[in-house]
Amino acid sequence: MNKINKTYEPFLFLYITNQCQLSCKHCYMGKRLHNGQIMPAENVERILKLMRVLYGHYKVYLLGGEPTLHPELDKILKICKRENYLVVLTSNGLVSESAWNKILPGHIDSLSFSLDGSSREIHEFLRGKNTFSPLIESIKDARGRNFKTRIICTINKKNVADVPNIINLASDLQIDLLSFHYFTPTGNGRYYSNFQLSNKEWLKFVRNLKNYVLNSKINNKLKIYYPPAFVKKDELSLLKKSGYKGCTARNLERLAIFPDGKCYICSAFLDKDINFGLINDKGFFINKGKNNELNLINKVSLKCERCSRAFICNGGCAAYNHFKYGVPTDKCSRDLIPICPLWTTSVNDTTQASLR
C-alpha cells in the first residue's frame with residue numbers, strides 16, 4: 001500500500017444498510033432509517049474500485065443503520081480486503097450470534113461501537129431501552145476475539161458531565177481509541193436541538209477533557225480524539241501545524257455513499273434533499289442541479305473574504321453557514337473562530353493538545 005499522507009485522509013463512508021433496531025435521539029440518519037434499503041455486495045465492489053481511482057480512497061467505514069444486519073456482511077468484508085482497503089465496522093452493539101459469525105478475523109482492522117454514557121440510564125436515554133448491557137458485552141466480546149476496538153461518543157448536554165466516567169469505562173474495557181463527536185441538530189437531532197452545547201459549553205468540555213486526561217490514571221494505550229470545533233485567534237497557527245485544512249467536505253475527504261447510490265460529502269446534509277452525486281452501474285455522476293451539495297458548501301461568507309486569517313481557518317464550517325446553527329462564519333467574532341466540527345485532533349499528542 002502506498003504511504004499515507006497524514007494531512008489528507010480520504011475515508012469512504014459506506015452505508016451498506018439503512019436497517020437499524022434503534023432510532024436514537026441524536027442520529028443524523030433521520031428518515032432514512034425507515035426505508036430498509038440495503039446495498040448489494042456487488043455494488044460494494046464496484047464502488048470500492050471506482051472510488052480508489054477517482055479520489056484515492058484507502059480506508060472504508062462500514063456503517064448503517066446497523067451494518068451487522070446486512071445479510072451479506074461476510075461477503076462484503078471479503079470484498080473490502082480483496083480490494084486492499086483498511087476496514088472499520090461501526091455497530092450499535094446489538095450484535096447477534098449469527099452476525100458475529102460473519103465478522104471475519106483478518107478482514108476487519110477495527111470494530112467501532114457507539115456508546116453515549118457510562119451507565120445504563122444515560123446511554124439508554126439517548127438510544128432506547130435494553131441497549132446498554134448488550135453493547136458492553138459486544139465490546140468485551142470484540143476484545144476477547146482480539147479485534148482492535150473503538151468507542152464513538154456524541155457529546156451533548158445529556159452526557160457531557162459523564163465524560164470522565166466514559167473515559168474510565170473505555171480504559172477499563174481496554175479500548176484502543178475513544179472518539180468524541182460534536183452533536184449537531186440534523187436527522188433525528190433536529191427534534192432535540194436543545195441538546196447541542198453552546199460554544200462556551202464546548203470550550204469547557206474541551207478544557208475539562210484535557211485536564212482529566214492529563215491528571216487521571218487511565219490506560220496509557222487509550223487514544224482519545226475530539227473535534228476542537230472552535231479555536232481562539234492565538235491558536236490558529238497551532239491549528240495549521242496540526243494538519244487542519246478546512247472543511248473536510250470542500251476537500252472531498254470523506255465521501256458517504258448510501259444503498260440508493262446517492263453520494264454526500266458532509267454528514268449535515270445526509271437527511272436533506274441535497275447531495276454531491278450518484279453512483280450506479282454506469283459510473284459516478286456529479287449532481288448538476290441547483291441542489292448540488294458542493295455548490296452550497298463552497299459559498300464563502302463576505303466576512304471571511306475580508307478576514308486576514310481566513311487562509312488558516314478556511315471559512316469555518318460550511319454546514320453552519322447554510323443551516324445557520326452552531327456558529328456561522330458571518331457571526332464569527334474573530335476571537336473565537338468556528339472550524340469544521342468533523343475534523344478531530346488527539347488529546348494524547350502533545351503537539352496538538354495545546355489547542356485550548
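Residues numbered from 1 in each chain as written. Predicted model: local features only at pLDDT ≥ 70, side-chain atom pairs only at ≥ 80, totals over all residues. Heavy atoms only, no water.

## Section: the packing of helix 1 (residues 41-55) against helix 2 (residues 73-82)
Let me state the cut-off plainly: Each axis is a line fitted through C-alpha atoms, and for a helix only the stretch in contact is used; angles between axes span 0 to 180 degrees, taken between their N-to-C directions. Under the DSSP-based scheme used, a helix requires at least four consecutive residues in state H or I and a strand at least two consecutive residues in state E, with every element numbered from the N terminus. The cut-offs work like this: below 35 degrees is roughly parallel, past 145 is roughly antiparallel, 65 to 115 is roughly perpendicular, and the gaps in between are oblique. Put simply, a crossing is left-handed when the front helix is turned counterclockwise from the back one by less than a right angle, and right-handed when it is turned clockwise. The contact rule is simple, with two residues in contact once any of their heavy atoms fall within 4.5 Å. Each residue is assigned to one of three groups, with Ala, Val, Leu, Ile, Met, Phe, Trp, Tyr, Cys and Pro labelled nonpolar, Asp, Glu, Lys and Arg labelled charged, and all others, Gly among them, labelled polar.
Here helix 1 crosses helix 2 at 20°, and the two axes come no closer than 9 Å. Accordingly, the angle class assigned to the pair helix 1 and helix 2 is roughly parallel. When the axes of helix 1 and helix 2 are compared, the crossing they make is right-handed. Facing helix 1, whose interface residues are Ala41, Val44, Glu45 and Leu48, helix 2 presents Lys75, Ile76, Ile79, Cys80 and Arg82. Looking at side-chain class alone, the contact of helix 1 with helix 2 contains 6 nonpolar, no polar and 3 charged residues.

## Points about the confidence of the model for the chain
Do not read the fine detail of predicted coordinates wherever pLDDT is low. As a reminder of what qualifies: Summary of the metric used: pLDDT quantifies the predictor's per-residue confidence within the range 0 to 100.
Mean pLDDT over the chain stands at 88; residues scoring 70 or higher make up 94%. Within the chain, the element-level pLDDT minimum falls on helix 12 (residues 318-323), averaging 76, and the maximum on helix 4 (residues 120-127), averaging 98. Low pLDDT, under 50, characterises residues 1-7; the stretch is placed with 5 contacts to residues that sit more than four places away or in other chains. With pLDDT under 50 throughout, residues 351-356 is counted as low confidence; its partners more than four residues away or in other chains account for 27 contacts.

## Things to note about the sheet that holds strand 12 (residues 283-286)
Selection rule: At least two DSSP bridges between two strands are required for those strands to pair.
Read from one edge of the open sheet, 12 strands run 12-11-10-9-1-2-3-4-5-6-7-14, paired in mixed fashion. Edge positions in the open sheet fall to strand 12 and strand 14 (345-346), since each of these has one partner strand only. In terms of strand pairing, strand 9 (residues 254-257) meets strand 10 (residues 262-264) through 2 bridges, oriented antiparallel. Paired with Ile257 across the bridge in strand 10 is Cys263. This element, helix 6 (residues 163-172), spans strand 5 (149-155), strand 6 (177-182) and strand 7 (223-226) of the sheet and lies at about 150° to strand 6.

## Points about the pattern of salt bridges
Just so we agree on the cut-off: For this document, the term salt bridge refers to a Lys or Arg side-chain nitrogen within 4 Å of an Asp or Glu carboxyl oxygen. The rule is simple: take the accessible area with a 1.4 Å probe, protein chains only, and divide by the maximum for that residue type; under 20% is buried, over 50% is exposed, in between is partly exposed.
In this structure the tally under the stated criterion is 12 salt bridges. Between Lys81 and Asp109 there is a salt bridge, with its nearest N and O atoms 3.1 Å apart. Within this pair, whereas Lys81 is found in helix 2, its partner Asp109 is found in the loop between helix 3 (97-100) and strand 4 (110-114), the two being separated by 28 residues in sequence. Among the residues examined, Lys81 registers a relative accessible area of 26% and is labelled partly exposed. Arg120 is the salt-bridge partner of Glu121, the closest N and O atoms lying 3.1 Å from each other. For Arg120, a relative accessible area of 43% translates into the label partly exposed. One salt-bridge network, in which partners are shared between bridges, spans Arg120, Glu121 and Glu124.

## Quick word on the pairing of strand 2 (residues 59-63)
The condition is simple: A clockwise course of the path from the first strand over the helix to the second, judged with the strands pointing away from the viewer, identifies a crossover as right-handed.
Along strand 2, 5 of the 5 residues are buried, which leaves the element largely enclosed by surrounding structure. Residues Lys59, Tyr61 and Leu63 line one face of strand 2 and the alternating positions Val60 and Leu62 line the opposite face, and both faces are buried. Here strand 1 (residues 11-15) runs beside strand 2; their pairing, made up of 5 bridges, is parallel. Bridge pairing in strand 2 links Tyr15 to Leu63. A crossover connection joins strand 1 to the parallel strand 2 through helix 1; in handedness this β-α-β unit is right-handed. In the sheet, strand 2 pairs with strand 3 (residues 86-91) via 4 bridges, with the strands oriented parallel. Across the sheet, residue Lys59 finds its bridge partner in strand 3, namely Leu86. Since strand 2 and strand 3 lie parallel, the crossover through helix 2 that links them has a hand, and here it is right-handed.

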